[in-house]
Amino acid sequence: MSDFFHTYGSVYGATGYGAYGNNRQKKNTNSVKGAAGVRQDMEGNAKAAGAGQGGRYRKTESASQEADIGEGKEGVEGNRTQEWMEQIAERKREIVEKVRRGETEPSIPIGAASFTYKQWNKLMQRVDRAIEDMQERIQAEEEEAKTVKVKKKEAGSISKEMLEELLGIEIKGEGVLAGGSLFGQIGSGERMALDNAYYSIQPAGSGLFRITDKKTGMEYTFAEAGCSLKQDKSSGRIFLMPSGDYAQTGSVLAADETLVSSMAQYFGVESLETGVLSGYSFSRNEETGIEIMIPQGMEGRKAYMLFQSREDVEAYERLAQTYQAVYPNLAQNEAMAKFYAGLEVEGLCHRTATGILYTNADGVGYADENNPEKNWWLSLQEQTGQTYEMLLGMLDDIKKEGKDIGDMGEWQERLERKQLEYEVLEKEWGVWDS
């Protein structure tokens with residue numbers, strides 16, 4: 001996603017989305033608290049901490065009374081005061097350590113966990129590094145292929161067509177694998193800032209460059225060493241896709257030949273080649289009309305929103321405003337409202353009259369706008385794209401039958417009917433366990 005909503009990108013990793021964390025209790029319908037109950041969480045944690053030390057208080061007091069009974073009441077009270085001061089000092093140290101580790105940020109529920117912005121970015125970095133490692137291996141094969149010239153095809157050797165089908169990529173020339181990476185096509189010379197009727201391309205420092213799409217008004221920031229131009233064979237459309245540590249937001253820019261030539265001018269090269277886009281499917285959100293791009297095998301986990309017109313942007317902004325107006329307790333600010341709007345566009349959350357329903361590859365959950373005691377989350381034991389599609393089918397059935405999609409019993413009945421194993425997870429809403 002663009003810098004328009006830079007913090008909440010469209011990449012959602014293996015943890016998926018939702019509302020709860022990892023403290024599990026099998027088929028236990030104990031309620032979880034909402035974001036509105038964070039203050040109660042803090043008081044509860046303080047009581048829990050006191051309870052955890054209660055045994056020590058009692059043992060110390062008992063031992064003091066038995067061994068030093070002659071010292072009188074003042075000695076006992078002195079011991080108690082000293083222990084309380086120690087507990088207060090320990091709590092202060094915990095708070096200081098949380099501040100030092102940067103764990104005092106707001107935390108947003110994502111699937112079976114809850115993440116601060118920094119923790120989410122770190123998780124996305126790990127996912128993107130894994131993808132980048134795969135791309136680097138392909139690039140290494142490209143370099144090796146450049147040095148190899150096959151003089152004669154031997155019997156039983158692998159053909160170019162076989163490799164293309166196996167790897168899902170196009171092989172150009174003498175076996176060079178075409179990835180469309182900018183890194184191998186641009187030099188280190190001076191960048192020429194560009195501004196025309198369609199795009200503005202400006203240096204952003206530290207090896208980054210910023211593109212403003214004047215058609216949509218959106219801004220995108222990419223790393224020179226971490227992005228590729230990919231072309232979809234079936235439609236001919238071109239996409240500028242980030243990778244590596246700079247792909248945390250998952251921003252993908254639906255490009256065109258004008259942008260490609262403008263980028264070549266910016267980098268001072270004659271032309272830029274595109275790689276072949278494979279392993280993605282496309283769909284469109286019915287309400288907003290925004291198109292999404294989904295990596296195969298990542299259904300219900302990861303998707304990219306494609307803003308291709310000003311109408312797309314305005315529809316997204318209207319949806320975010322709806323979340324902030326209808327669910328002020330759940331979408332407490334503009335950033336969270338846009339986060340929920342992005343989830344809905346990608347088919348991962350659904351509005352109800354009283355709250356928000358989450359569906360992803362991990363399971364299904366519900367967050368109530370006014371009563372956090374009604375929140376729940378069902379985590380599937382088998383977490384795949386196939387089970388995600390089954391959840392969407394169940395959602396359609398519940399709607400057709402006129403039932404409440406926020407009723408946990410309706411979902412439990414259907415999961416058990418399909419013989420899908422699940423767990424009810426307990427997690428205090430919006431609170432990150434350090």
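Residues numbered from 1 in each chain as written. Predicted model: local features only at pLDDT ≥ 70, side-chain atom pairs only at ≥ 80, totals over all residues. Heavy atoms only, no water.

Enquirer: When you look at the overall build of the protein in this model, what are you seeing that I'm missing?
Expert: Counting its regular elements, the protein contains 9 helices and 21 strands. When each of the 434 residues of the protein is scored for burial, the buried share is 44%. A sequence separation of at least 24 residues applies to 59% of the contacts in the protein between residues at least 6 apart. Of the accessible surface of the protein, which amounts to about 22700 Å², a share of 49% is contributed by carbon and sulfur atoms. (Helix = DSSP H or I, 4+ residues; strand = E, 2+ residues; numbered from the N terminus. Buried < 20%, exposed > 50% of the residue type's maximum accessible area, 1.4 Å probe, protein only. Contact = heavy atoms within 4.5 Å. Areas by Shrake-Rupley, 256 points an atom, 1.4 Å probe, with all protein chains shown as cover.)

Enquirer: Honestly, helix α9 (residues 408–417) in this entry has me stumped. Any pointers?
Expert: Along an α-helix, a turn takes 3.6 residues, which lines up residues three or four apart on a common side. All buried positions along α9 are accounted for by M408, E410, W411, Q412, R414 and L415. At the N-terminal boundary of α9, the capping side chain belongs to D407, with an oxygen 3.0 Å from the backbone nitrogen of G409. One or two positions beyond α9, positive phi appears at Q419, with a value near 60 degrees. (Polar contact = N/O pair within 3.5 Å; in protein donor to acceptor, adjacent residues only side chain to side chain.)

Enquirer: Looking at this structure, I do not really get the sheet that holds strand β11 (residues 238–242). What am I missing?
Expert: Strand pairing within a sheet occurs via backbone hydrogen bonds; the two strands may be parallel or antiparallel. Judged by pairing direction, the sheet is mixed, and its 4 strands sit side by side in the order β12-β11-β10-β13 without closing on themselves. Each edge of the open sheet is held by one strand with a lone partner, namely β12 (253–255) and β13 (275–277). Across the sheet, the mean angle from the axis of one strand to that of its neighbour is 40 degrees, orientation sign disregarded. Of the strand pairs in this sheet, β11 and β12 are connected by 3 bridges, and their pairing is antiparallel. Residue pairing in the sheet places I238 in a bridge with A255 of β12. Those strands touched by helix α5 (residues 257–267) are β10 (227–232), β11 and β12, and its axis lies near 50 degrees from that of β11. (Pairing = 2+ DSSP bridges. Axes fitted to C-alpha atoms, helices over the stretch in contact; angles between N-to-C directions.)

Enquirer: In this structure, what is going on with the sheet that holds strand β16 (residues 304–306)? I would like to understand it.
Expert: Reading across from one edge, β14-β15-β16 is the order of the 3 strands in this open sheet, with antiparallel pairing throughout. Edge positions in the open sheet fall to β14 (280–284) and β16, since each of these has one partner strand only. Between one strand axis and the next, the sheet turns by 30 degrees as a mean value, whatever way the strands run. The sheet contact formed by β14 and strand β15 (residues 291–295) spans 5 bridges and is antiparallel. Note that in β15 the partner of F282 across the bridge is M293.

Enquirer: How do you make sense of the pattern of salt bridges when you look at a structure like this?
Expert: When charged atoms on two side chains of opposite charge get close, those side chains can pair. Within this structure, the stated rule accounts for 15 salt bridges. Among the salt bridges present, the one from E291 reaches R284, with a minimum N-O distance of 3.7 Å. Assessed through its relative accessible area of 7%, E291 is described here as buried. For R284, a relative accessible area of 51% puts it in the exposed group. For the salt bridge of E410 with R414, the shortest nitrogen-to-oxygen distance reads 2.6 Å. On the criterion of helical spacing, the pair formed by E410 and R414 is a turn pair, its members being 4 residues apart in helix α9. In this structure, E410 and R414 share a single accessibility class: buried. Residues joined by salt bridges that share partners form a network here, namely E401, K403, E410 and R414. (Salt bridge = Lys/Arg side-chain N within 4 Å of Asp/Glu carboxyl O.)

Enquirer: So what exactly am I meant to see when it comes to the nonpolar core here?
Expert: Residues F209, I211, M263, Y323 and Y340 are the most contacted members of the largest nonpolar core, which totals 53 residues. With 7 residues, helix α7 (residues 334–345) is the single largest residue contributor to this core. Y323 has contacts with P328, A331, A337, Y340, A341, E344, C349, R351 and I356, leaving out every residue within four places of it along the chain. Judged by nonpolar contacts, the second largest core, of 17 residues, contains L391, I398, W411 and Y422. (Core = buried A, V, L, I, M, F, W, Y, C linked by side-chain atoms within 4.5 Å.)

Enquirer: Is there a simple way to think about the packing of helix α6 (residues 310–326) against α7 in this case?
Expert: When two helices pack together, their arrangement is given by the angle between their axes and by how far apart the axes lie. Here α6 crosses α7 at 115 degrees, and the two axes come no closer than 8 Å. Like other packed secondary-structure pairs, α6 and α7 cross with a definite hand, here right-handed. Packed against α6, whose contacting residues are Y316, L319, A320, Y323 and Q324, the element α7 presents E334, A337, K338, Y340, A341, G342, E344 and V345 at the interface. Residues of the contact of α6 with α7, tallied by class, amount to 8 nonpolar, 2 polar and 3 charged. (Left-handed = near helix turned anticlockwise from the far one by under 90°. Nonpolar A, V, L, I, M, F, W, Y, C, P; charged D, E, K, R; others polar.)

Enquirer: Would you mind showing me how to read the packing of helix α8 (residues 385–400) against α9 here?
Expert: Close contact between α8 and α9 brings their axes to 11 Å; oriented N to C, the two are set at 125 degrees. Judged by the inter-axis angle, α8 sits oblique to α9. Considering how the two elements wind past one another, α8 and α9 form a crossing that is right-handed. Two secondary-structure elements touch here, α8 through L391, M394, L395, D397 and I398 and α9 through E410, W411, R414 and L415. Residues that form the contact of α8 with α9 fall into these classes: 6 nonpolar, no polar and 3 charged. (Parallel < 35°, antiparallel > 145°, perpendicular 65-115°, else oblique.)

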